[in-house]
Amino acid sequence: MSHNDCILKLLNIKDPNLKVIDVIDNLNNGTEKLVLIKAVLSYPINCCRNCGFATVNKNGFAKAHVRLPSLNGIRYEMILRKQRYQCKNCRTTFGATSELTKPNQTLSRKLKNQIMLLAREGLNGELIARICHCSASSVRRTIVERIKPQYRVPVLPKNLCFDEFRSIKNKTSFICCDAQTHKLVVKLPDRLSFTIINYFENRYSKFERDQVESVVIDLNAQYQRFIRRLFPNAKIVIDRFHIVQLAGRALDSCRIALTRSLNKHSREYKILKSQWRLFHKKSDEIDPKNVVYLRGINEYMTQQNAIDLIINKFSEFKIVYQTYQDITLALKNKDITTLNEVLDSYKRTNTEMDTTIRTFRKNRIYLINSVTSKYSNGPLEGINRKIKLLKRSCYGFANQQFFFLRIDCIFA
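What comes next concerns the included structure. (Residues numbered from 1 in each chain as written. Predicted model: local features only at pLDDT ≥ 70, side-chain atom pairs only at ≥ 80, totals over all residues. Heavy atoms only, no water.)

1. Observations regarding the sheet that holds strand β6 (residues 159-166)
Condition: For two strands to count as paired, DSSP must find a minimum of two bridges between them. Put simply, DSSP marks the helices as runs of H or I at least four residues long and the strands as runs of E at least two long, and each gets a number from the N terminus on. A fitted line through C-alpha atoms represents every axis, and for helices the fit uses only the stretch in contact; the resulting angles, taken between N-to-C directions, go from 0 to 180 degrees.
Strands sit in the order β8-β7-β6-β9-β10 across an open sheet of five strands; the sheet is mixed. Two strands bound the open sheet, and with one partner strand each, they are β8 (184-188) and β10 (235-238). Across this sheet, the average inter-strand angle for adjacent strands is 20 degrees, counted without regard to direction. Here β6 runs beside strand β7 (residues 172-178); their pairing, made up of seven bridges, is antiparallel.

2. Topic: the pairing of β6
Operational definition: A simple rule labels every residue: compare its accessible area, found with a 1.4 Å probe on the protein chains alone, to the largest value its type can have, and call it buried under 20%, exposed over 50%, or partly exposed in between.
Buried residues dominate β6, accounting for seven of its eight residues. As judged from the three bridges shared by β6 and strand β9 (residues 214-217), these two strands associate in the parallel manner. Within β9, the position partnered with N159 by the bridge is S214.

3. A look at the packing of helix α13 (residues 336-345) against helix α15 (residues 364-372)
How we decide: To sort the angles, those under 35 degrees are grouped as roughly parallel, those over 145 as roughly antiparallel, those from 65 to 115 as roughly perpendicular, and the leftovers as oblique. Two helices cross in a left-handed way if the nearer one is turned anticlockwise from the farther one by less than a right angle. They cross in a right-handed way if the turn is clockwise. The criterion used for residue contact is that any of the two residues' heavy atoms lie within 4.5 Å. The residue classification treats Ala, Val, Leu, Ile, Met, Phe, Trp, Tyr, Cys and Pro as nonpolar and Asp, Glu, Lys and Arg as charged. All others, Gly included, are polar.
Two numbers describe how α13 lies on α15: the axes approach to 10 Å, and their chain directions differ by 150 degrees. Compared by their axis directions, α13 and α15 come out roughly antiparallel. The crossing of α13 and α15 is right-handed. Taking contact as the criterion, the partners of I336, L339, N340, L343 and D344 in α13 are, on α15, R364, L367, I368, V371 and T372. Here the contact of α13 with α15 is composed, by residue class, of six nonpolar, two polar and two charged.

4. Re the pattern of salt bridges
Applicable threshold: Every case where a carboxyl oxygen of Asp or Glu lies within 4 Å of a side-chain nitrogen of Lys or Arg is listed as a salt bridge.
This model, assessed by the stated rule, comprises 14 salt bridges. Salt-bridge contacts for R109 lead to E99; the nearest nitrogen and oxygen are separated by 3.8 Å. Of the two residues, R109 sits in helix α2 (residues 109-120) while E99 sits in the loop between β5 (93-95) and α2, which places them 10 residues apart along the sequence. Take E99: its relative accessible area is 63%, and that puts it in the exposed class.

Structure representation (structure tokens):
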């Protein structure tokens, strides 16, 4: 194998018309190691690209500067002399072309591939630029060139998840994904009903929208208002996590209000303050037999004993606690009967749980759907988590359109 072929194979360049002349080690700006590869691109040509006549002569060379992908952290650049041609018939000139780069561009295709691979990992533009030995603006141009906004997904999924996320500054944007495949369906610049309705009605026919079977949402009443209009045959499913979260917040609110009325040196205060996690445990996960040392109380007792000390003394808190346990167990066991009994038999306690139960009663049908449905907003929460990591690693975004392109880099 020749010296020329070894270098081209090392750089993964497969153009047979490209010949390496020399390789020079250099220092860029006196600090960064730079490897310059001098090469020539030339090949015989039969006819003119413009007129098609076989009257083409060679007409010197044109020098081009090509940026190659980084290898072992070293910057590689190619000084490429491209053959020029002139047609005697139509007097036009043109140059030799290669798959190494696009016409009139200095970044090679493989370097752009390297940039996109790093962009899909969620790295910020400055870091990608340092790794690939190019400028941050080159990274941005490459992303804009390679990622195009999607007008619509080819087939509207039958099961959808709706949610929102914080995009730029204090702006909240709408996001939707497929509940089955977890693929992103759409990101919209805001969460206004007009914007969401406009998107689905303009891009999907009524027949397509009629095929949607379920839509998973949180307890946002805004979505409920237009889902029936957009997807008339879809079941509205309240995400189970948000149901438990709302009930858990009501429990915490009652617990905190109770601690404020107690003496800070009492056992009850110490249990409510330091062992708050016990009250969020499901009843079938609490150990009623094994005696353990509970920090904060500085006593040996079972977990069930600590809970009993509170619920036997404070009747209102007992009702709130029992309601929370019944709701979580009904969701876990997919028990519609228990859920209906909790909503029907609950008595007012003048706590935040009253508002929670009122909300649940108002959305009773959707809560029952959440018990029977196998879908949840878990996939969408995972997507939102990755979006937050992207924003954190890139120190936020000022341009929403480019931010959406960076999201597409990860999920496309």
